[in-house]
Amino acid sequence: MNNKETIMTIHPMARHCLYIHSHENKKCDMVLLAGDLFHENKPSRRTLYRTMDIIRRYCLGPDPVQFHIISDQKTNFRSTIHGVVNFEDPFYAVDLPIFAIHGNHDDPVRDGGSDVLAALDLLAIANLVNYIGRHDEVDKVEVSPVLIQKGSTRVALYGMGSMRDERLNRMWLGKKVRFLKPEGDEEEDGEGDVDDDDEHKWFKILALHQNRDAGRGKKNCVHESMIPNFMDLVVWGHEHECRIIPDESAMGTFRITQPGSSIATSLSAGESLNKHVGILDVRGSDFRMLPVPLSQVRSFVIRDVSLQQQKGLGDKLDPRIDDKITEFLAKEVENLIATAREQIQLTHRDAAVATGIDLEQYPHSDLASLVSQGLKYKLEKPEQVLIRLKVEHSGYNSVNNQRFGSRFVENVVRSIFT
Amino acid sequence: MYLSTPMSIEIDDDYEVGEEEVSNVSGPNIQITEPIDNDIDEDTLRIMVSTDNHLGFEEKDPIRGNDSFAAFEEVLSLAKRFKVCISLIPFIHFL
């Protein structure tokens, strides 16, 4: 191993997480996307164009793919012409295959006539992604895994595209949701004997895109108890908060990773956390996950303040109280902007370290341009940040949102006062 | 040697993976296998895991219009050019 340097990261698995940089290329064998690749059900022409541009540049290439699909591909990949995985199409050279399920934003709909199509079908027919997990039957779901073999490692990938939680719950209760098991899989349903022989064991990954946890009403989410215990790892899409380090399931014996979104689509607390993707290695029946911070994410911070707790504001009946409030809030906003900008630096530094950029070589370089090197699409004006200041103003007059916001137009993309 | 800045995962107080996770790792029902030297061997399947990329989000915004595409391109570029070997992160084995 040709180590350049050793870098330690502090995080919950700190003692296990050492980045060692080497010159070798450690590219991923494949990409797994757990839904909502597109924000709109009918993405605009521009969005489709840019998406195809990006996938073309990164996923087509001369290198051979190092694994095989040994399941019935016609069942797995229905929307391709030949019914084969994209890297086996003789007329294409794919070296980074993407496997994707649809989310609630980009689910299949009837688009005139009788064809039911999702935006992902367009990418699939162009051999840019392998669209899995589409189940068209109304009253039952039968999830047939994509069986992947690399050397002695065998992975069964179950894809289950988003559907309305109520419908899924109904089917689940009626035992209409079935997960087919690979032929020759030794493990029995439920308890059963655990097969220690790696040769015959499948590592089972379930990708789904549904509401998680309770709090949304009992029938409005997927409960962990509904997921079969023979799964090893669940990749949970739809929830935007990044909880990528696999959690042990509260109910079952499997683990759950929730990568979270790569962009904040709402100004909620969960979205203000740093965004990561995960590098998942599976070897035999073992796995490990390395979180990698994303740098191309607009910095976003959120803070709550209560005017009543601010002693400095003085008497409520003061005729100049409105000006005082405005001044106070302006200061808070300035602080938030400063925090968000500091966060950019930290995120960029993390991203640089994780991707093996030797910071010592570039002591004076602009981190932002270092981490976005080689990217065609970059964050425009990353110094324009997202902030949200929630003001509890009971007892005081509220501030005119628009007039107040206009003071910061140069610095912030958006701020919300509630 | 660098000590990188903490990732958000441990900054977040609500997310209690910290202690718990570490204790789970050495818990009774799993076992950590020895780190191996040959990092990504012919028996290791490496998967980039990402979700909810929301391509096209706020695409008409003059400043934020690029955001979703920039992040997605970064994801794929990491998948393609990932140069970090993580051999010291042990595999987790289910017993």
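### Thoughts on the overall build of chain B
Stage number 1. Along the backbone of chain B there are three helices and five strands.
Stage number 2. The N-to-C order of helical and strand elements in chain B reads β-α-α-β-β-α-β-β.
Stage number 3. Looking at chain B residue by residue over its 95 residues, the buried ones come to 63%.
Stage number 4. Summarising the internal contacts of chain B: among those between residues at least 6 apart in sequence, 63% fall at separations of at least 24.
Stage number 5. Element-wise, carbon and sulfur atoms account for 51% of the exposed surface of chain B, whose accessible area totals about 3800 Å².

### Quick word on the packing of aromatic side chains
Residue and element names in this part refer to chain A.
Stage number 1. The final tally for this structure, using the stated rule, is eight aromatic pairs over all chains.
Stage number 2. Between the aromatic rings of Tyr158 and Phe230, the centroid separation amounts to 6.2 Å while the plane-to-plane angle is 50 degrees, which identifies the pairing as tilted. Separated by 72 residues along the polypeptide, Tyr158 in strand 11 (residues 153-160) and Phe230 in the loop between strand 13 (203-209) and strand 14 (233-237) bring together distant segments of the chain. The two residues Tyr158 and Phe230 agree in class, both being buried.
Stage number 3. Three or more aromatic residues joined by ring pairs make a cluster, and in this case those are Phe67, Phe77, Phe87 and Phe99.
Stage number 4. For Arg212, the ring lying beneath its charged end belongs to Trp236, and the centroid distance is 5.4 Å.

### Digging into helix 3 (residues 67-81) of chain B
Stage number 1. The terminal C-alpha atoms of helix 3 of chain B lie 21 Å apart, and with 15 residues this matches the ideal 21 Å at 1.5 Å per residue to within 8%.
Stage number 2. Taken across its 15 residues, helix 3 of chain B has 14 buried, putting it largely inside the fold.

### Things to note about the confidence of the model for chain A
All names here are of chain A.
Stage number 1. Residues with a pLDDT of 70 or more make up 86% of chain A, whose mean pLDDT is 81.
Stage number 2. The low-confidence segment residues 1-23 (pLDDT under 50) makes 91 contacts with residues lying over four places distant or belonging to another chain.
Stage number 3. Note on residues 188-195: pLDDT is under 50 here. Beyond four places in sequence and across chains, it has eleven contacts.

### Examining the pattern of salt bridges
Stage number 1. With the rule as written, the count across this model stands at 19 salt bridges over all chains.
Stage number 2. One salt bridge connects Arg178(A) with Glu142(A), and the closest N-O pair in it is separated by 2.9 Å. Taken as a pair, Arg178(A) in strand 12 (residues 177-179) and Glu142(A) in strand 9 (residues 141-143) lie far apart in primary sequence, 36 residues in all.
Stage number 3. Look at Arg178(A) and you get partly exposed, because its relative accessible area is 47%.
Stage number 4. Take Glu142(A): its relative accessible area is 36%, and that puts it in the partly exposed class.
Stage number 5. In this structure, the salt-bridge partner of Asp247(A) is Arg243(A), at a minimum N-O distance of 3.5 Å. Of the two residues, Asp247(A) and Arg243(A), neither departs from the other in class, the shared state being buried.
Stage number 6. One network of salt bridges, with partners in common, ties together Asp53(A), Arg57(A), Lys376(A) and Glu73(B).

### A word on the pairing of strand 3 (residues 44-50) of chain B
Stage number 1. For strand 3 of chain B, the tally of buried residues reaches seven of seven residues, placing the bulk of the element in the interior.
Stage number 2. What you see with strand 3 of chain B is no split at all: Thr44(B), Arg46(B), Met48(B) and Ser50(B) on one side and Leu45(B), Ile47(B) and Val49(B) on the other are buried throughout.
Stage number 3. The pairing of strand 3 (residues 30-34) of chain A with strand 3 of chain B spans four bridges and is classified as parallel. Its bridge partner being in strand 3 of chain B, Val31(A) is matched across the sheet by Met48(B).

Cut-offs used in this document
Residues numbered from 1 in each chain as written. Chains lettered and ligands numbered in written order. Predicted model: local features only at pLDDT ≥ 70, side-chain atom pairs only at ≥ 80, totals over all residues. Heavy atoms only, no water. Helix = DSSP H or I, 4+ residues; strand = E, 2+ residues; numbered from the N terminus. Buried < 20%, exposed > 50% of the residue type's maximum accessible area, 1.4 Å probe, protein only. Contact = heavy atoms within 4.5 Å. Areas by Shrake-Rupley, 256 points an atom, 1.4 Å probe, with all protein chains shown as cover. Phe/Tyr/Trp six-rings, centres within 6.5 Å; stacked < 30°, edge-to-face > 60°. Lys NZ or Arg CZ within 6 Å of the ring centre and 35° of its normal. Expected span 1.5 Å × (residues − 1). pLDDT = per-residue confidence, 0-100. Salt bridge = Lys/Arg side-chain N within 4 Å of Asp/Glu carboxyl O. Pairing = 2+ DSSP bridges.

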